[in-house]
Amino acid sequence: MEPSEVVAECWRRIQDRDWDGFGELLAADVVIEWPNAQIRMRGRANVVEFNRTYPEGWSIEVLRIVAEGQIVVSEVRVPHPTVGLFYALAFYEVEDGQVAHGREYWVEKRYEEPAPERAHLFEDLRR
């Protein structure tokens, strides 16, 4: 599989709750970092277990995947009926058909009122 296909397949297997299949696409020593939360997960088992045990109700919608060589960037939309709507922007390094390293940035969809002196620079996307 091409690196972009590996990442697309990871998201598909997460959506399908195919945890064994998802794990097959991760290097044994995979490292996933969340710089905005200042945390890191090490190892296939930890990454799979985190995703497997997240409170149910979510779904994954892949918005785009862009790749250059072994580096793949994905943008996904993750609605959850009780937790809220999240977006994730992730940068992955794919080696030998497996994700070896990732940096994921998770943000919650919420309206943020611009400062009054800057409000004229923005459009409100809620409309």
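For the structure itself, consult the block above.
The notes below deal with the structure included here. All values reported here derive from a predicted model rather than from experimental measurement.

## Quick look at the overall build of the protein
Here's step 1: The helix and strand inventory of the protein stands at three helices and six strands.
Here's step 2: Across the 127 residues that make up the protein, the buried fraction comes to 35%.
Here's step 3: Surface exposure of the protein reaches about 8300 Å², of which carbon and sulfur atoms provide 50%.
Here's step 4: Where the 15 positive side-chain charges of the protein centre and where its 24 negative ones centre are 5 Å apart.

## Here we look at the environment of Met-41
Here's step 1: Inspection of the secondary structure puts Met-41 in strand E2 (residues 39-42).
Here's step 2: On the basis of relative accessible area, Met-41 is assigned to the buried category, the value being 15%.
Here's step 3: Once the C-alpha coordinates of Met-41 and Asp-29 are considered, the two residues, twelve residues apart in sequence, prove to be 9.9 Å apart.
Here's step 4: When residues no more than four places from it in sequence are discounted, the contact partners of Met-41 are Val-30, Val-31, Ile-32, Trp-34, Asn-46, Val-47 and Phe-50.

## A few points about the packing of aromatic side chains
Here's step 1: For the structure on display, the rule yields six aromatic pairs.
Here's step 2: Between the aromatic rings of Trp-34 and Phe-50, the centroid separation amounts to 5.4 Å while the plane-to-plane angle is 85°, which identifies the pairing as edge-to-face. Taken together, the residues span a long stretch of sequence, with Trp-34 in strand E1 (residues 26-34) and Phe-50 in helix H3 (residues 44-52) at a distance of 16 residues.
Here's step 3: Taking the relative accessible area as the measure of exposure, Trp-34 reaches 15% and is therefore buried.
Here's step 4: Between the aromatic rings of Trp-34 and Trp-106, the centroid separation amounts to 6.2 Å while the plane-to-plane angle is 50°, which identifies the pairing as tilted. Of this pair, Trp-34 sits in strand E1 while Trp-106 is found in strand E6 (residues 98-108), placing the two residues 72 residues apart along the sequence.
Here's step 5: On the accessibility criterion, Trp-106 (23% relative accessible area) is partly exposed.
Here's step 6: Among the aromatic side chains, those forming a connected cluster through ring pairs are Trp-34, Phe-50, Tyr-54 and Trp-106.
Here's step 7: Lying across the ring of Tyr-111, Arg-126 places its NZ or CZ 3.5 Å from the centre.

## Thoughts on the environment of Pro-81
Here's step 1: Secondary-structure assignment places Pro-81 in the loop between strand E4 (71-80) and strand E5 (84-95).
Here's step 2: Beyond its immediate chain neighbours, meaning those up to four positions away, Pro-81 contacts Gly-57 and Trp-58.

## A few points about helix H1 (residues 3-15)
Here's step 1: For H1, built from 13 residues, the straight-helix expectation of 18 Å at 1.5 Å per residue is met to within 8% by its first-to-last C-alpha distance of 19 Å.
Here's step 2: Listed in full, the buried residues belonging to H1 are Pro-3, Val-6, Val-7, Glu-9, Cys-10, Trp-11, Arg-13 and Ile-14.
Here's step 3: On the buried face of H1, the contacting elements are helix H2 (19-24), H3, strand E3 (61-68), E4, E5 and E6.

## With respect to the nonpolar core
Here's step 1: Formed by 26 residues in total, the largest nonpolar core has its most connected members in Phe-22, Ile-32 and Val-99.
Here's step 2: Looking at this core, the elements that each hand over two or more residues are H1, H2, E1, H3, E4 and E5.
Here's step 3: Leaving out residues up to four positions away in the same chain, Val-99 has contacts with Val-6, Cys-10, Leu-25, Leu-26, Ala-27, Val-30, Ile-32, Tyr-92, Glu-93 and Val-94.

Criteria and thresholds
Residues numbered from 1 in each chain as written. Predicted model: local features only at pLDDT ≥ 70, side-chain atom pairs only at ≥ 80, totals over all residues. Heavy atoms only, no water. Helix = DSSP H or I, 4+ residues; strand = E, 2+ residues; numbered from the N terminus. Buried < 20%, exposed > 50% of the residue type's maximum accessible area, 1.4 Å probe, protein only. Areas by Shrake-Rupley, 256 points an atom, 1.4 Å probe, with all protein chains shown as cover. Lys, Arg positive; Asp, Glu negative; His and termini not counted. Charge placed at Lys NZ, Arg CZ, Asp CG, Glu CD. Contact = heavy atoms within 4.5 Å. Phe/Tyr/Trp six-rings, centres within 6.5 Å; stacked < 30°, edge-to-face > 60°. Lys NZ or Arg CZ within 6 Å of the ring centre and 35° of its normal. Expected span 1.5 Å × (residues − 1). Core = buried A, V, L, I, M, F, W, Y, C linked by side-chain atoms within 4.5 Å.

On their own, these measurements won't tell you what the molecule is for.
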